[in-house]
Amino acid sequence: MTEKPKKQKNWLFYLVIVLLVVAVIYMMNNQPSGKSITYSEFQDKVVAGEVTHVKTVGNTVYIRIKDSKITEANFIKGKKGDFTTTFINSQELIEFMNDYNNGQLTSQNGVAPTEKVVVSYNLQGESLLSQLLPYLSIGAVIIVAIIIVRTIAETSSKNMAFGKSRARNVERSKVKFSDVAGSEEEKEELKEIVDFLKNPRKYTELGARIPKGVLLVGSPGTGKTLLAKAIAGECNAPFFSISGSDFVEMYVGVGASRVRDLFDQAKRSAPCIIFIDEIDAVGRQRGAGLGGGNDEREQTLNQLLVQMDGFEANEGIIVIAATNRPDVLDPALMRPGRFDRQVYINMPDVKAREKILKVHARNKKFTDDVDLENIAKLTSGFSGADLENLLNEAAILAGRDNRVKINMIDIQEAVNKVIMGPQKKSRVVTERDREITAFHEAGHAILHKKLEFCDEVQEVSIIPRGMAGGYTLSRPDTDDNYATLNKLNDMIASFMGGRIAESIRFGDITTGASNDIEQATKIARKMVTELGMSADLKFINLGSSSEVFIGRDYQTQVLYSDDTASKIDAEILKILNYNYERAEKILKDNWDKITSLSELLLKKNVAYKEELDSIMEGKSVKQIIANMNRKENKKKKQQEKERQEKILQEQKRLEEIKAKTLLALKNEGLLIEKPIEKTENKQILNENDKKDTKND
Ligand code: ADP
Ligand code: MG
Ligand code: ZN
């Protein structure tokens, strides 16, 4: 490993030498032959009558004198002369030669020339570029050499000095606390730290001990990295940012020395901040996980612990780390004197979601019907990253339609896209499948409506999306954290609606319900094994959630007897059967609603909350469709209006550019101000052009 870069280095070194030699030879070959003289020396020679031939190539003048060793033919062909010089002004040279040949210049002894000088001008023959070529090629060689030297330096610093930390100093972060919406308490806590780094004396004089380490804990997308960047943007202290996975890259034994190097660097530039993103990559509990390969990580973690103990609390270094898996972190990391302060960043609630939406709406335009408060209500369970993504998707949808503003339909579609992936309108669906899907989704939707504790249905659709053939989209309208037993039962029942509706309608069942069955069973199992919600087993944890697979252990441990296992199965079955019967009864009692909704779905593909309410009120499908069409027409007109507006705007912009250009031309005197018809105008412009070229 260590030898390879060395070899590479030698190889590149020789390449540079060869390139340089080639360049020098090239230049020597292209040097004009002939003694170089000044322009006035040249003029003297001409006037003295010594010169027989003059030839210019580019701005080099080749001069042949009487009794020259260069034959006339060779002189005319090649780039050779007895003397060479350069001129500045071609006009002047031509005039000078003309004057001489016309006998207007006399030599010192007053004798007019007997023989005229043969002149040939090739003013463009050798462009400036080709004259500069030798110099350019030197330049190129130097540039190549620099690049190569740099690459060598980089590869060697990567491969040879790989123990060096790769922390990036992101001092110039532009993120401010104002860009982080919601999470006010968290920001308050972190502002303290910014303040400490700005005025450490204020705190140390009071004898306060500032925490060495702050751990930001929160689900993915809640803005942990963003908050850390905001700290960097707010305080002027140096900010070293590194990701946990950087420590455990590539080579064995690198992680630990990287940690050491990082802290050395930090100590030299204190007061400063070290930010370790995704610390769980190094900070996992020691002595766990699948066999070998972990020594490396453990050494890194040990080194991190040693380093964090190695500096005093008020030395001016604050280590901030972020993770979404605090449960797998080694407890030693959390001990006082290390990451003793933890800041929990929650999923945003309604108000926070609205604020986050406002932050990301700052650079976007919306139609009047878009209400961020309303969107915030629709997006329970969305993280900050989801919300950012949502508005971005909506903007893309509007742009694709050539509209200038984002409307509510874009938003709705974007919500669906973020949750379930894009619509697959072009997927081939047979009429039979459509009908099955329509009844299946109608079954889910009507159950949602009829069951007391189900979330509000936002949209039912039989357009394929992601993996699903259709979908019933419901969003909670509150941010409630706890689910009640009743709600869990209703959720299970609603998952069964699809299968039940199919079996009632077609007298047969399909494969379309596999995901529903899986979800329902999962909830029922959790109720029995973890939530203590079964009649028979009550208050007991029999669980081994999937956590253990990713976390500390790699094997599920079964802590109960076979007897209990069969009891669990029986309890799960009981819950499922109870809900199946409930659901079946509700659907049978409301079969007219199912047929109406599936009819509507087959005709229009989607139904929103409003249409669903109409169906529950018992309105006829015809009437509902008429209403939908009316709404759609209105929207279409609105969109058409927007499109026209955009076209007008574009036209106006072009006119303005045109006017500006004309004005500029006028100011430059390139356009004669005279209101003439277009064709004539053109001619005048052309004539002007011609004049200009002649003047040149
Ligand atoms: P994490 O590191 O917690 O996984 P990030 O900080 O990378 O999440 O957040 C991803 C993106 O989500 C951010 O770049 C930002 O656009 C958006 N975001 C997340 N939380 C917020 C917030 N509170 N305010 C504004 N934008 C946010
Ligand atoms: Mg992050
Ligand atoms: Zn289903």
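Below you will find a few notes about this structure. Since this is a predicted model, take the numbers as computed values, not measurements.

### Remarks on the overall build of the chain
Part 1 of the reasoning: Each helix and strand in the chain was counted, giving 25 helices and 14 strands.
Part 2 of the reasoning: Residue burial in the chain is summarised as follows: out of 696 residues, 39% are buried.
Part 3 of the reasoning: The long-range share in the chain, meaning contacts at least 24 apart out of those at least 6 apart in sequence, stands at 74%.

### A word on the coordination of the zinc ion (ligand 3)
Part 1 of the reasoning: Distances from the zinc ion (ligand 3) to its protein donors, His440 (NE2), His444 (NE2) and Asp516 (OD), fall at 2.0 to 2.1 Å.
Part 2 of the reasoning: Sequence positions of the residues that donate to the zinc ion (ligand 3) give the spacing H-x3-H-x71-D. One end of the pair, His444, is in helix H17 (residues 431-450); the other, Asp516, is in helix H19 (residues 514-529), with 72 residues separating them in the sequence. A single burial state applies to His444 and to Asp516, both of which are buried.

### Regarding the site of ligand 1
Part 1 of the reasoning: For ligand 1, the set of nearby residues contains 16 residues, the closest of which are Ala181, Gly221, Lys224, Thr225 and Leu226.
Part 2 of the reasoning: Contact between ligand 1 and Ala181: a nitrogen atom at 2.8 Å from a main-chain N or O atom of the residue.
Part 3 of the reasoning: Burial of ligand 1 by the surrounding chains reaches 80%, relative to a free accessible area of 560 Å².
Part 4 of the reasoning: Residues belonging to the shell around ligand 1 are distributed by class as follows: six nonpolar, seven polar and three charged.

### Brief notes about helix H13 (residues 350-361)
Structural remark: α-helix, 3.6 residues per turn; residues separated by three or four positions point the same way.
Part 1 of the reasoning: Between its first and last C-alpha atoms H13 spans 16 Å; for twelve residues at 1.5 Å apiece the expected length is 16 Å, and the two agree.
Part 2 of the reasoning: Along H13, the positions that sit buried rather than exposed are Ala352, Arg353, Glu354, Ile356, Leu357, Val359 and Ala361.
Part 3 of the reasoning: Along its buried surface, H13 packs onto helix H14 (372-378) and helix H15 (384-400).

### Digging into the pattern of salt bridges
Part 1 of the reasoning: With the rule as written, the count across this model stands at 33 salt bridges.
Part 2 of the reasoning: With a closest N to O distance of 3.1 Å, Arg465 and Glu413 form a salt bridge. Note that Arg465 is positioned in the loop between strand S12 (456-461) and strand S13 (471-475) and Glu413 in helix H16 (residues 408-420), a separation of 52 residues in sequence.
Part 3 of the reasoning: Classification of Arg465 as buried rests on a relative accessible area of 1%.
Part 4 of the reasoning: Among the ionic pairs, Lys604 bridges to Glu632, the shortest N-O distance being 3.4 Å. Of the two residues, Lys604 is situated in helix H22 (residues 591-604) and Glu632 in helix H24 (residues 621-667); the sequence distance between them amounts to 28 residues.
Part 5 of the reasoning: Looking at Glu632, the relative accessible area reads 37%, which means it is partly exposed.
Part 6 of the reasoning: Taken together, the shared-partner salt bridges connect Glu184, Lys187 and Lys355 into one network.

### As for unusual backbone geometry
Part 1 of the reasoning: Even without a glycine there, the phi angle at Glu278 is positive, about 50 degrees.
Part 2 of the reasoning: Positive phi, close to 50 degrees, is recorded for Lys538, a residue that is not glycine.
Part 3 of the reasoning: Looking at the element boundaries, Lys538 is found in the loop between H19 and helix H20 (547-550).
Part 4 of the reasoning: The exposure class of Lys538 is exposed, given its relative accessible area of 52%.

### Considering the sheet that holds S13
Hydrogen bonds between backbone groups are what pair the strands of a sheet, and the pairing can be parallel or antiparallel.
Part 1 of the reasoning: The sheet built from three strands is open, its strands ordered S13-S12-S14 with antiparallel pairing. For this open sheet the edge positions go to S13 and strand S14 (606-608), each flanked by a neighbour on one side alone. Within this sheet the neighbouring strands show an average axis-to-axis angle of 20 degrees, counted without direction.
Part 2 of the reasoning: Where S12 lies against S13, five bridges are found, and the strand directions are antiparallel. Paired with Val457 across the two strands is Ser474, which belongs to S13.
Part 3 of the reasoning: Sheet strands in contact with H16 are S12 and S13, and its direction is about 100 degrees off that of S13.

### A short note on the packing of aromatic side chains
Aromatic ring pairs are reported here in terms of the distance separating the ring centres and the angle at which the planes meet.
Part 1 of the reasoning: Inspection of the entire model under this criterion finds six aromatic pairs.
Part 2 of the reasoning: For the ring pair Phe196 and Tyr203, a centre distance of 6.0 Å and an interplane angle of 70 degrees mean the geometry is edge-to-face.
Part 3 of the reasoning: We classify Tyr203 as buried; its relative accessible area is 17%.
Part 4 of the reasoning: One aromatic cluster in this structure is built from Tyr39, Phe42 and Phe96.
Part 5 of the reasoning: The side chain of Lys45 reaches across the aromatic face of Phe83, ending 4.5 Å from its centre.
Part 6 of the reasoning: The positively charged end of Lys55 is found above the aromatic ring belonging to Phe75, 5.8 Å away from the centroid.

### Let's talk about H22
Part 1 of the reasoning: With 14 residues, H22 should reach 20 Å at 1.5 Å per residue; the first-to-last C-alpha distance of 20 Å fits that figure.
Part 2 of the reasoning: When H22 is considered as a whole, its buried residues turn out to be Lys593, Ile594, Ser596, Leu597, Ser598, Leu600, Leu601 and Lys604.
Part 3 of the reasoning: Packed against the buried residues of H22 are H17, S12, helix H21 (562-589), S14, helix H23 (609-617) and H24.
Part 4 of the reasoning: One or two residues past the end of H22 sits Asn605, with phi positive at roughly 70 degrees.

### Re the packing of H13 against H15
Part 1 of the reasoning: The N-to-C vectors of H13 and H15 enclose an angle of 45 degrees; their axes lie 9 Å apart at closest approach. With respect to H15, the element H13 is oriented oblique. By crossing handedness, the relation of H13 to H15 is classed as right-handed. Note on element contacts: H15 touches H13 through Gly384, Leu387, Glu388, Leu390 and Leu391, opposite Arg353, Ile356, Leu357, His360 and Ala361.
Part 2 of the reasoning: Residues of the contact of H13 with H15, tallied by class, amount to six nonpolar, two polar and two charged.

What counts and what doesn't
Residues numbered from 1 in each chain as written. Chains lettered and ligands numbered in written order. Predicted model: local features only at pLDDT ≥ 70, side-chain atom pairs only at ≥ 80, totals over all residues. Heavy atoms only, no water. Helix = DSSP H or I, 4+ residues; strand = E, 2+ residues; numbered from the N terminus. Buried < 20%, exposed > 50% of the residue type's maximum accessible area, 1.4 Å probe, protein only. Contact = heavy atoms within 4.5 Å. Donors = N, O, S within 2.8 Å, 3.2 Å for Na, K, Ca; no water. Near = heavy atom within 4 Å. Polar contact = N/O pair within 3.5 Å; in protein donor to acceptor, adjacent residues only side chain to side chain. Areas by Shrake-Rupley, 256 points an atom, 1.4 Å probe, with all protein chains shown as cover. Nonpolar A, V, L, I, M, F, W, Y, C, P; charged D, E, K, R; others polar. Expected span 1.5 Å × (residues − 1). Salt bridge = Lys/Arg side-chain N within 4 Å of Asp/Glu carboxyl O. Pairing = 2+ DSSP bridges. Axes fitted to C-alpha atoms, helices over the stretch in contact; angles between N-to-C directions. Phe/Tyr/Trp six-rings, centres within 6.5 Å; stacked < 30°, edge-to-face > 60°. Lys NZ or Arg CZ within 6 Å of the ring centre and 35° of its normal. Parallel < 35°, antiparallel > 145°, perpendicular 65-115°, else oblique. Left-handed = near helix turned anticlockwise from the far one by under 90°.

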